[in-house]
Amino acid sequence: NGYQPTEKITFKNGGSVYATGGHRWFTRSKQNKDNIKVQTTNDLDLTNRYIPQLNGMEKSGKTPISEAEAWLMGMYVAEGHSRSKDNAFFIPQFNEDVWVKLRDKLVEAGWTWQYNNDGMYISDAKDVSSLLNKVGKTAYDKHLPEEVFSWDISLQKALFEGLIDGDGSRYPETTDKRGYKISAYTEYYTVSEQLAKDVQLLSYYIGKPMSLRSRVH
């Protein structure tokens, strides 16, 4: 596409980026975070809106959690629930391959946990406990904490993979009966409307845009 002029965008946290006039930004209303709008740099107006991916980023660039912890958080949002006491969590898992991955990620993260026949009891998720307590108590009110939209893309990708490993499906590229190629795609399933919107927004941030659809049973 050749060279294009860029504009320097400076944020309140002191960070800045150079973007072309056609660069697209996902913005949210300051009054209603469910109000999501795509604006180009040329049309960017943050009077009553903000960019969630950059909102609240620390100038120091300190990594909030590890990639293993980000994956575990995705798995917890998809499958887990909290125990009776504070900061105690449970992630059920019956798929053998995912169970092994879950165990390995718990070891890598250094969390305190124990196994039973149904899954993993987590008694200490370290600094991530506060985040896990924010995601909702039931399947119907699950959501992603606002903080995840300010994470580095490597953490957002790990979070997304944890979500898909927990409650999603990956379909490889294939060919239909007429010989037409069907591209590989990913699906995520949830009964929480807010979580569906959050996962869709996350998918755009990591370059794997997903669309929303409802299913009536």
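For the structure, see preceding data.
Residues numbered from 1 in each chain as written. Predicted model: local features only at pLDDT ≥ 70, side-chain atom pairs only at ≥ 80, totals over all residues. Heavy atoms only, no water.

**Overview of the packing of helix α1 (residues 67–79) against helix α2 (residues 96–109)**
- At their nearest, the axes of α1 and α2 sit 9 Å apart, and the two run at 135° to each other. One way to sum up the angle between α1 and α2 is to call them oblique. As for how α1 packs across α2, the hand of that crossing is left-handed. Here Ala68, Glu69, Trp71, Leu72 and Met75 of α1 lie close against α2, whose contacting residues are Val98, Lys101, Leu102, Lys105, Leu106, Glu108 and Ala109.
- When the residues that make up the contact of α1 with α2 are grouped by side-chain class, the tally is 8 nonpolar, no polar and 4 charged. (Axes fitted to C-alpha atoms, helices over the stretch in contact; angles between N-to-C directions. Helix = DSSP H or I, 4+ residues; strand = E, 2+ residues; numbered from the N terminus. Parallel < 35°, antiparallel > 145°, perpendicular 65-115°, else oblique. Left-handed = near helix turned anticlockwise from the far one by under 90°. Contact = heavy atoms within 4.5 Å. Nonpolar A, V, L, I, M, F, W, Y, C, P; charged D, E, K, R; others polar.)

**Things to note about the sheet that holds strand β8 (residues 112–116)**
- Taken in spatial order, the 4 strands make up an open sheet running β6-β7-β9-β8, and their pairing is antiparallel. The sheet is open, and its two edges are formed by β6 (81–82) and β8, each paired on a single side.
- Set on the sheet, α1 makes contact with β6 and β7 (89–92); between it and β7 the angle comes to about 80°.
- Contacts from α2 reach β7, β8 and β9 (119–124) within the one sheet, and its direction differs from that of β9 by about 15°. (Pairing = 2+ DSSP bridges.)

**Points about the sheet that holds strand β5 (residues 49–50)**
- Taken in spatial order, the 3 strands line up as β4-β3-β5 in an open sheet, and their pairing is antiparallel. Only two strands of the sheet have a single neighbouring strand rather than two, namely β4 (36–40) and β5.
- Where strand β3 (residues 24–29) meets β4, 5 bridges bridge the pair, whose relative direction is antiparallel. Bridging from a neighbouring strand, arginine 24 pairs with threonine 40 of β4.
- Its contacts with the sheet place helix α5 (residues 193–205) against β3 and β4, and it is angled at close to 155° to β3.

**Here we look at a nonpolar patch on the surface**
- Side chains of Tyr171, Ile182, Tyr185 and Tyr189 sit close together on the surface and give an oily, nonpolar patch of about 330 Å² of accessible area.
- Using a relative accessible area of 30% as the deciding quantity, one classes tyrosine 189 as partly exposed. (Patch = residues over 30% accessible without salt bridge, like charges linked within 9 Å, V, L, I, M, F, W, Y side chains within 5 Å. Areas by Shrake-Rupley, 256 points an atom, 1.4 Å probe, with all protein chains shown as cover. Salt bridge = Lys/Arg side-chain N within 4 Å of Asp/Glu carboxyl O. Buried < 20%, exposed > 50% of the residue type's maximum accessible area, 1.4 Å probe, protein only.)

**Regarding the packing of aromatic side chains**
- The full count for this structure, using the stated rule, is 5 aromatic pairs.
- Sitting over the face of the ring of tyrosine 76, lysine 142 holds its NZ or CZ atom 5.6 Å from the ring centroid. (Phe/Tyr/Trp six-rings, centres within 6.5 Å; stacked < 30°, edge-to-face > 60°. Lys NZ or Arg CZ within 6 Å of the ring centre and 35° of its normal.)

**Digging into α5**
- Spanning 13 residues, α5 covers 19 Å between terminal C-alpha atoms, matching the ideal 18 Å at 1.5 Å per step.
- For α5, the complete set of buried residues consists of Gln194, Leu195, Asp198, Val199, Leu201, Leu202, Ser203 and Tyr205.
- The inward-facing, buried residues of α5 abut β3, β4, α1, α4 (153–167) and β13 (185–188).
- Positive backbone phi, approximately 80°, marks glycine 207, located one or two places after α5. (Expected span 1.5 Å × (residues − 1).)

**Observations regarding unusual backbone geometry**
- Even without glycine at this site, lysine 126 takes up a positive phi of about 55°.
- Looking at where lysine 126 falls in the secondary structure, it is placed in the loop between β9 and α3 (129–132).

**Section: the pairing of β3**
- Counting buried residues along β3, 5 of its 6 residues qualify, which places the element largely inside the surrounding structure.
- Two successive antiparallel strands, β3 and β4, enclose a turn made up of 6 residues.
- Pairing geometry for β3 and β5, over 2 bridges, is antiparallel. Residue pairing for β5: arginine 28 is matched across the bridge by tyrosine 50.

**As for the pattern of salt bridges**
- If you walk through the whole model with that rule in mind, you get 9 salt bridges.
- Notably, a salt bridge pairs lysine 101 with aspartate 165, separated by 2.8 Å at the nearest N-O pair. Of the two residues, lysine 101 sits in helix α2 while aspartate 165 sits in helix α4, which places them 64 residues apart along the sequence.
- Taking relative accessible area as the criterion, lysine 101 reaches 32% and is therefore assigned partly exposed.

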